[in-house]
Amino acid sequence: MILVIYTYLGYAFVIFMLAKLFPYPSKKKLDYLNSHENQFPPLTLFITAYNEAEIISKKMSNCLDLEYPSDKLHILWVIDGSTDNSRSLLEQYPMVEIVSSPLRKGKTAAVNHGMKYVKTPIVIFSDANCLLNTDALKIIASQFGDPSVGCVSGEKRVAFSDNDAVSSKGEGAYWKYESLLKRLDFEFYSAVGAAGELFALRTELFATMEEDTLLDDFMLSMRIAQKGFRIAYTPDAFAVEYGSLNMEEEGKRKRRIAAGGWQSIGRLLPLLNVFKFGKLSFQYISHRVLRWSVTPFALFALFPLTAILGYWSSSLINVFNIIFVGQCLFYICAALGYLMRNSSKSSKLFYIPYYFLFMNINVIRGIYYLFNRSFIGGWEKSQRK
């Protein structure tokens, strides 16, 4: 019970207090928003794509609207075995460098391949299906004024309306909570991982990844943190994308992320050494490892355990029965959220408990996904609205 409470609620309180009482010493950052153009560092906007022809026009319009000196901005698209007309569409933009592979090898392989063409000191990664705010590149570049920062994560925002179903609203609520934790993590020491929709790194710190890597953004950023650099988090630079089309599509995404979490734990074993990595290990274990490993099992074991202990207790009113009744109410709300999962009328009282259980179930299902993938490292796109 303590493990479950700490993972989902306790850590948020602990990191809040640590960030307020022991904040990492801030260093003055360059004010790129008001700087002369010749002060901006050259950077590459790196976009990977597989069969994204339908959104290329919108994405490129967004790229051209970004406020950054054109002579300092290099736009690179890496096309991974696409079978649509993505390349011919991108060829209409003379400022874009296109790198393509005739074979579909997966996103991680595309990143490894594309990084060979990056010549700027900073590279900013962005997904093809999300849009960036106008000042995003300037804000991210300013974070690198701190030499302790090796990677910068922007904020992921999920666009949804009152008419959307649980797949969008649940994901939106989750990312608001996740963004709060990332901000507090960075205030204390370092964010724990970067969001693939928008993140950047010093090019010299890039290390080629195993091609079957599922969470390339997380592995890239955490390996940089493992080298002693901090991961900055800047919510003022954000990427907006729509939520999944429905809960079935969201389930595909969650299982893949969960499998990537299990895979990452195995490949980042040294980071579990608190004596060597100190603050970073504490944050990594609390924010990621527990959530991706033992806590989901503890969560579902808590229900029968409190039922048994409450039954054998000598008093009708005891802590075990109170916790059991609370869980019953929570599961009832989640069940109602499940029944209303495709309805735009579902209340937060129902869809948040449902989405919470949905995520934890998919952490467990991610184990099966990890060992039964038919296409190692491949793109498995979930449909978005």
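Refer to the structure above for everything that follows.
A quick note: this is a predicted structure, and the numbers were derived from the prediction, not measured.

A. Spotlight on the side chain of Thr-120. Mapped onto the fold, Thr-120 is located in the loop between helix H4 (107-114) and strand E4 (122-127). Here Thr-44 takes part through its side chain, which lies 2.7 Å from a polar atom of the side chain of Thr-120. From its side chain, Thr-120 meets the backbone oxygen of Ile-122 in a polar contact 2.8 Å long. Not counting chain neighbours up to four residues away, the residues in contact with Thr-120 comprise Pro-42, Leu-43, Thr-44 and Thr-203.

B. How the structure looks around the packing of aromatic side chains. By the definition in use, this model includes 18 aromatic pairs. Note on Tyr-11 and Phe-282: the rings are 5.9 Å apart at their centroids and 65° apart in plane angle, and the pair reads as edge-to-face. On the criterion of sequence distance, the pair formed by Tyr-11 in helix H1 (residues 2-21) and Phe-282 in helix H10 (residues 279-292) is long-range, its members being 271 residues apart. Judged by relative accessible area, which is 2%, Tyr-11 ranks as buried. Among the residues examined, Phe-282 registers a relative accessible area of 25% and is labelled partly exposed. Taking the centre distance of 5.9 Å and the plane angle of 65° together, the rings of Tyr-338 and Tyr-354 count as edge-to-face. Taken together, the residues span a long stretch of sequence, with Tyr-338 in helix H12 (residues 319-339) and Tyr-354 in helix H13 (residues 348-371) at a distance of 16 residues. Overall, the relative accessible area of 42% leaves Tyr-338 in the partly exposed class. Among the aromatic residues, those joined into a ring-pair cluster are Tyr-8, Phe-303, Phe-324, Phe-330, Tyr-331 and Phe-356. Note that Arg-157 overlies the ring of Phe-238, its terminal NZ or CZ placed 3.7 Å from the centroid. Seen from the ring of Tyr-338, Arg-341 lies directly overhead, with NZ or CZ sitting 4.1 Å from the centre.

C. The arrangement of unusual backbone geometry in detail. In the Ramachandran plot, Asn-51 falls in the positive-phi region, its phi being about 50° despite a non-glycine side chain. One can find Asn-51 in the loop between strand E1 (43-49) and helix H2 (53-65).

D. Up close: H12. Given a rise of 1.5 Å per residue, 21 residues ought to cover 30 Å, and the 30 Å separating the end C-alpha atoms of H12 matches this to within 8%. If you check the start of H12, you find a side-chain oxygen 3.0 Å away from the backbone N of Phe-320, and it comes from Asn-318.

E. How the structure looks around a nonpolar patch on the surface. On the surface, Val-325, Leu-329, Ile-332, Leu-336, Tyr-338 and Leu-339 cluster together to form a nonpolar patch covering roughly 590 Å² of accessible area. Locating Val-325 in the fold gives a position in helix H12.

F. Representation of H10 within the structure. Along its 14 residues, H10 runs 19 Å from first to last C-alpha, staying within 8% of the 20 Å computed at 1.5 Å per residue. Its axis deflected by about 40° at Ile-285, H10 carries its strongest bend there. Of all 14 residues that make up H10, 11 are buried, and the element is covered over most of its length. Residues of H10 that are buried: Leu-280, Ser-281, Gln-283, Tyr-284, Ser-286, His-287, Arg-288, Val-289, Leu-290, Arg-291 and Trp-292.

G. Main features of the pattern of salt bridges. By the definition in use, this model includes 16 salt bridges. Between Lys-156 and Glu-241 there is a salt bridge, with the nearest N and O atoms lying 3.2 Å from each other. With Lys-156 in strand E6 (residues 149-159) and Glu-241 in strand E8 (residues 230-242), this residue pair connects regions lying 85 residues apart in the sequence. Note that Glu-250 is salt-bridged to Arg-253, the shortest N-O span being 3.1 Å. Here Glu-250 and its partner Arg-253 are both found in helix H8 (residues 247-267), three residues apart, which amounts to about one turn of the helix. Assigned by exposure class, Glu-250 and Arg-253 land together as buried. Connected via shared salt-bridge partners are Glu-210, Asp-212, Arg-223 and Arg-267.

H. Up close: the pairing of E6. Of all 11 residues in E6, nine are buried; the element is thus mostly enclosed. Note: E6 against E8, nine bridges, orientation parallel. Along E8, the bridge assignment pairs Cys-151 with Ile-231. Of the pairings in the sheet, the one linking E6 to strand E7 (residues 198-202) comprises three bridges and is antiparallel in character. Note that in E7 the partner of Ser-153 across the bridge is Phe-199.

Rules and cut-offs
Residues numbered from 1 in each chain as written. Predicted model: local features only at pLDDT ≥ 70, side-chain atom pairs only at ≥ 80, totals over all residues. Heavy atoms only, no water. Helix = DSSP H or I, 4+ residues; strand = E, 2+ residues; numbered from the N terminus. Polar contact = N/O pair within 3.5 Å; in protein donor to acceptor, adjacent residues only side chain to side chain. Contact = heavy atoms within 4.5 Å. Phe/Tyr/Trp six-rings, centres within 6.5 Å; stacked < 30°, edge-to-face > 60°. Buried < 20%, exposed > 50% of the residue type's maximum accessible area, 1.4 Å probe, protein only. Lys NZ or Arg CZ within 6 Å of the ring centre and 35° of its normal. Expected span 1.5 Å × (residues − 1). Patch = residues over 30% accessible without salt bridge, like charges linked within 9 Å, V, L, I, M, F, W, Y side chains within 5 Å. Areas by Shrake-Rupley, 256 points an atom, 1.4 Å probe, with all protein chains shown as cover. Salt bridge = Lys/Arg side-chain N within 4 Å of Asp/Glu carboxyl O. Bend = angle between axes of the 7 residues up to and from the residue. Pairing = 2+ DSSP bridges.

Geometric values such as these leave the question of function open.
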